[in-house]
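Analysis of the macromolecular model
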Amino acid sequence: MSNDLKIKLTLLDNIIWIMLLFFFAVCAAFVPAFASWNNIVNILYHTTIMSMLVLAQGFVLMSGKFDLSIDAILAFAPGLVILAGTKWLPGTILSNPFVAIALTLAVGALLGLFNGVCVSRLGMNAFMQTLSVSIILRGLTLFLIPLAIFPLDPVYSFIGKARFAAVGNMPAAVFVTFGVYLFFHIVLKHTVFGRNYLATGGNERASYVAGIDTRRMIVMGFVIAGALSAVAGLLTAGRQDSVSNTMGSGMTMLAFAGALLGGTSMSGGKGSSFGMLGGAILLGMFSNALNLLGVQVTLVHAAQGTLIFLAILIDRFRIQLRGALLRKEQLKKLHHAGGAH
Amino acid sequence: MTAPATETMNTPGAGRAGESALRLRGITKIYPGTVALEDVALDVRYGEVHGLMGKNGAGKSTLVGVLAGLIEPTSGTIAVGGRDYPRLTRMQAKREGIAIVTQEPEIILDITVAENLFLGDFPTRGGFVDRPEMFERARELLDRFGLDIGAEFRAGDLSLSERQLLLIIKACYVEDASVVILDESSAPLTRKDAQILRRIVGDLRDAGKAIVVISHSVDELLDVCDRLTVLRDGRTIATRRASDLDRRTLSELIVGDGFTACRTRSDESAPPGGELLAVENLTRWGAFEGVSFTLRRGEILGIAGLRGSGRTEILKAIAGIEPADAGTIELRGRACAFRRPSEALKEGVAYLPEEREAEGLIGIFSIRDNLILNSLAQFARSGFIRGGECDRRAAETFGAVQIRAFSLEQAVEELSGGNRQKVVIGRIMTAGPDVYLLDEPTRGVDIGAKKGILSLICEKIRGNAGVIITSPGLDDLIDICDRILVLCGGRIAKSVARADFDEKALFMDIQGFGQ
């Protein structure tokens, strides 16, 4: 394969970052104050929660399943833990903020485990299973926390709220996000688990025959999604310094959009951690630009939908272009072979 | 040479016994790298049952594809219903009343038997489906042939055999075809349902329809057919009346001289190694029974048998994919019973799936990632993959199996069938197992790739490992095996050593004729 072709294919495979740069340049030129440091920090900060959910959704998508319960876990996990520490058993170990953080993550992971076991062992359809869990958790959150609980322990809200003056007022949440993405980049690219996980999404039966424990892979996907949703919950609770029953409402579908924008395949087997980060940031950047332009809040959703539509369209073109490039190369090769005779 | 325009349209299904229903002349089909059919002629008359026979790869399925309008011939003409077609599309074939039933019954599982029967031809009244009428007619058809199925049953609850009969009845009576092609459609049938099929075929013949039957079973064809056409290497060898043939002469026509021009295997020496695998009385109910054999290091053991004889199932049982119900397997002198493929792989038993696309490949992965799929754990240190080691081993295998591709990074779904198969074989080789279970490794690949795969097995795979290989045809097995086990109806009928290979005798054994 020629180097020229390799570069073209690499660019095509990372088209999300090209779109991101392009969009940034356009906004920087036309939207006042868009390219300022403060605004960039602002965009990154506002992307953090969504980016956790994008990664959660993207991770499950890679195994060929999906998870509709992530935004419900976002609200339920911190809600339950804070309630336990403040109302049910105040003054016990549950009130310790470090324990509370660990418990929040554990609740998310356990809910994911429940989803995963139901889907992979009991053979339930991922759509129905996670939809039912989503409705149950939202309902329970509403029942348990009719009114917001605040303020929270500063340690508990640290990763959602704190900013570091030394690094241009960058919020802790941004570092957490980048760290998590880096971690999953390594997991997906460089560990046996990651490769087996992607293989399971690419062709479950073939992976099983090849000796991969595919059921465990699927369970792990949901567990990770649950834990990541809980991280998103920590970030949300920290940012608003409270837990409430509306946290994260309606974010699941946008998380799909971010994952797809980032190049994750709906049918499994394909996706990268950094691609999804790009997708999440693009979503955040877009709503930030609309904000700065003074677009009505009520119109933001429709605009976001349009962006998603455009992204899907571009993705279709990308796949066709990729195929065309490869065919051209094949023809070139045939010509060479023909010439040699 | 089109028919005169004044000729009245033939009503499909009208009985004109003795007249020509289908006439093929000079049909040639060339695929890149292989000639599937060469100057084939075929005449099928109304009111006859015409059998089509030949070894695997003789060109039967290509010819059937041409008849049914699924494959476009490179040259030649097809005369059907008094009209000459240089090529027949599926829609034209259907208009001319040609129906085809294949060996894989495709029905819609969640609707009733009656709805499946009348799908596409629903009886209507005033624009609405006339359900009472539909069920009434379905019941009539089912009763007529003594099928013990209710018209209101959910089709998904039927057995494979019953589904197949359903499709045959649909093609013959609901679509009312005048030419019915049964492409190995008796394969999934139970003994009782095969009797019903026989009655249906007789009934169709009496109604003056033309029936083309393709089958691997000599007995079945001699029993039901009026005339038989034998194909070999893409050519028509003979068309004879069934009454002029017996088992032996028909077998000889099919096998031919049985002389393979070029041999892949260069040495004839017996395998040197000690015993590696011993299978004792292995049984999986409904698939195979009391199967015993041993495999030595450096040996290539072939399993020959018709479809449904249990050859795939035996390999799957050893590999732990569909474990056996009874019997023992000893690997390197230790008893083992794998319950899942991962366990077998750990002990050095690797299975090459017969269903390449469904069970063998991750299409959107690169060649490199497919090649190392089985052996990731070998290249990892505490869970982390050593990239350099992976690249080295993948490149090594890539070179050994000679995959034609731009680079290791190309996605597997962009490769041709033969190259994909090499990727699957390469994947197993990378893991370096002790026992290779190769389930039809030459299935669906062209001649060149086939030769490549066979010599790969002889020269690079065999080494110190043991190989068990299955094939629907005998050629490959005779070419490279040290020993062939003949499987018939789920039991081992015979074990033949390389010195005693004789294609005709083996062919008769597979058919279950014995000596």
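Rules used in this analysis
Residues numbered from 1 in each chain as written. Chains lettered and ligands numbered in written order. Predicted model: local features only at pLDDT ≥ 70, side-chain atom pairs only at ≥ 80, totals over all residues. Heavy atoms only, no water. 1 Å grid on protein atoms, 1.4 Å probe; cavity = no way out; pocket = protein on both sides within 12 Å on 5 of 7 lines; lining within 4 Å. Points joined across faces, edges and corners; volume = space filled by probe spheres on them. Helix = DSSP H or I, 4+ residues; strand = E, 2+ residues; numbered from the N terminus. Axes fitted to C-alpha atoms, helices over the stretch in contact; angles between N-to-C directions. Parallel < 35°, antiparallel > 145°, perpendicular 65-115°, else oblique. Left-handed = near helix turned anticlockwise from the far one by under 90°. Contact = heavy atoms within 4.5 Å. Nonpolar A, V, L, I, M, F, W, Y, C, P; charged D, E, K, R; others polar. Salt bridge = Lys/Arg side-chain N within 4 Å of Asp/Glu carboxyl O. Buried < 20%, exposed > 50% of the residue type's maximum accessible area, 1.4 Å probe, protein only. Patch = residues over 30% accessible without salt bridge, like charges linked within 9 Å, V, L, I, M, F, W, Y side chains within 5 Å. Areas by Shrake-Rupley, 256 points an atom, 1.4 Å probe, with all protein chains shown as cover. Lys, Arg positive; Asp, Glu negative; His and termini not counted. Charge placed at Lys NZ, Arg CZ, Asp CG, Glu CD. Polar contact = N/O pair within 3.5 Å; in protein donor to acceptor, adjacent residues only side chain to side chain. Phe/Tyr/Trp six-rings, centres within 6.5 Å; stacked < 30°, edge-to-face > 60°. Lys NZ or Arg CZ within 6 Å of the ring centre and 35° of its normal. Pairing = 2+ DSSP bridges. Right-handed = clockwise from strand over helix to strand, strands pointing away. pLDDT = per-residue confidence, 0-100. Expected span 1.5 Å × (residues − 1).

A word on empty space enclosed by the protein. All names here are of chain B. Tallying each qualifying case throughout the model produces four cavities of 30 Å³ or more. Roughly 200 Å³ of volume is contained in the largest cavity. Lining the largest cavity we find 16 residues, and of these His216, Leu306, Pro472, Gly473 and Phe507 sit closest to its centre. Per-element accounting of the lining of the largest cavity gives the leading share, three residues, to helix α17 (residues 503–511).

On to the packing of helix α4 (residues 70–88) of chain A against helix α5 (residues 97–120) of chain A. Residues and elements named next belong to chain A. In the contact formed by α4 and α5, the axes pass within 9 Å of each other and the chain directions differ by 135°. Classified by the angle between their axes, α4 and α5 sit oblique to one another. Helix-helix and strand crossings are classified by hand; for α4 and α5 the assignment is right-handed. For the pair α4 and α5, the contacting residues are Ile73, Phe76, Ala77, Pro78, Leu80 and Val81 in the first and Ala100, Leu103, Thr104, Val107, Gly108 and Leu111 in the second. Looking at side-chain class alone, the contact of α4 with α5 contains ten nonpolar, two polar and no charged residues.

All chains considered together, the criterion is met by 41 salt bridges over all chains. Residues A:Arg138 and A:Asp71 are paired through a salt bridge, measuring 3.6 Å at the closest nitrogen-oxygen approach. Taken together, the residues span a long stretch of sequence, with A:Arg138 in helix α6 (residues 126–144) and A:Asp71 in helix α4 at a distance of 67 residues. For B:Asp475, the salt bridge goes to B:Lys55, with nearest N and O atoms at 3.6 Å. Taken together, the residues B:Asp475 in helix α16 (residues 475–480) and B:Lys55 in the loop between β3 (49–53) and α1 (60–67) connect sequence positions 420 residues apart. Classification of B:Asp475 as partly exposed rests on a relative accessible area of 31%. In the salt-bridge network here, residues are joined through shared partners; they are B:Arg297, B:Arg332, B:Arg334, B:Glu347 and B:Asp434.

On the surface, A:Trp17, A:Leu182, A:Ile186, A:Phe274 and B:Phe384 cluster together into a nonpolar patch covering about 420 Å² of accessible area. Within the secondary structure, A:Trp17 sits in helix α2 (residues 15–30). A:Trp17 gets classed as partly exposed once you look at its relative accessible area, which sits at 31%.

Let's shift gears to a negative patch on the surface. On the surface, B:Glu133, B:Glu136, B:Glu140 and B:Asp143 cluster together into a patch of negative charge. Along the chain, the position of B:Glu140 falls in helix α4 (residues 131–144).

This brings us to the interface of chain A and chain B. Facing the 30 residues of chain A at the interface are 31 residues of chain B. Linking chain A to chain B there are three salt bridges. Note that B:Asp369 is salt-bridged to A:Arg195, the shortest N-O span being 2.6 Å. For the interface between chain A and chain B, the tally reads six residue pairs in polar contact (both at pLDDT 80 or more). Counting residues per element, the ones that place at least two in the side of chain A that touches chain B are α8 (172–190), α9 (192–202), α10 (204–209) and α14 (297–340) of chain A. Sort the elements by how many residues they give to the side of chain A that touches chain B and α9(A) lands first, with six residues. Per-class residue counts for the side of chain A that touches chain B are eleven nonpolar, ten polar and nine charged.

With that settled, the discussion passes to the packing of aromatic side chains. Given two aromatic rings, their pairing is described by the distance between the two centres and the angle made by the two planes. Considering all chains together, one arrives at eleven aromatic pairs over all chains under this definition. Clustering of aromatic rings is evident, with ring pairs tying together A:Phe59, A:Phe183, A:Phe184, A:Phe193 and A:Tyr197. Over the ring of B:Phe365 we find A:Arg195; its NZ or CZ atom is 5.7 Å from the centre of that ring. Stacked on the ring of A:Tyr45, the Lys or Arg A:Arg239 has its end atom at 4.2 Å from the ring centre.

All names here are of chain B. By the criterion of burial, strand β22 (residues 466–471) is predominantly enclosed, with six of the six residues buried. In the sheet, strand β15 (residues 300–304) pairs with β22 via five bridges, with the strands oriented parallel. The residue bridging Ile300 from the neighbouring strand is Val467, located in β22. Where strand β21 (residues 435–439) lies against β22, five bridges are found, and the strand directions are parallel. Of the residues in β22, the one forming a bridge with Tyr436 is Val467. Crossover β21 to β22 through helix α15 (residues 447–461) is right-handed.

All names here are of chain B. Here chain B shows a mean pLDDT of 85. Residues at 70 or above account for 94%. Predicted confidence is poor over residues 1–14, with pLDDT under 50, and the contacts of this stretch with residues over four places away or in other chains come to 18 contacts. Taken over the whole predicted complex, pTM reads 0.76, whereas the ipTM for its chain interfaces reads 0.75.

Think of an α-helix as 3.6 residues a turn; residues three or four steps apart then line up on the same face. Residues and elements named next belong to chain B. For helix α6 (residues 191–206), built from 16 residues, the straight-helix expectation of 22 Å at 1.5 Å per residue is met to within 8% by its first-to-last C-alpha distance of 23 Å. Looking at the packing, one finds that the buried side of α6 touches β3, α5 (160–174), β9 (179–183) and β10 (210–214). Among the residues trailing α6, Gly208 stands out with phi positive, at a value near 80°.

Residues and elements named next belong to chain B. Reading across the sheet, the six strands line up as β6-β9-β10-β3-β11-β12 and stay open at both edges, with mixed pairing between neighbours. Two strands bound the open sheet, and with one partner strand each, they are β6 (98–101) and β12 (235–241). Across the sheet, the mean angle from the axis of one strand to that of its neighbour is 20°, orientation sign disregarded. When β6 meets β9, the two strands line up parallel, connected through four bridges.

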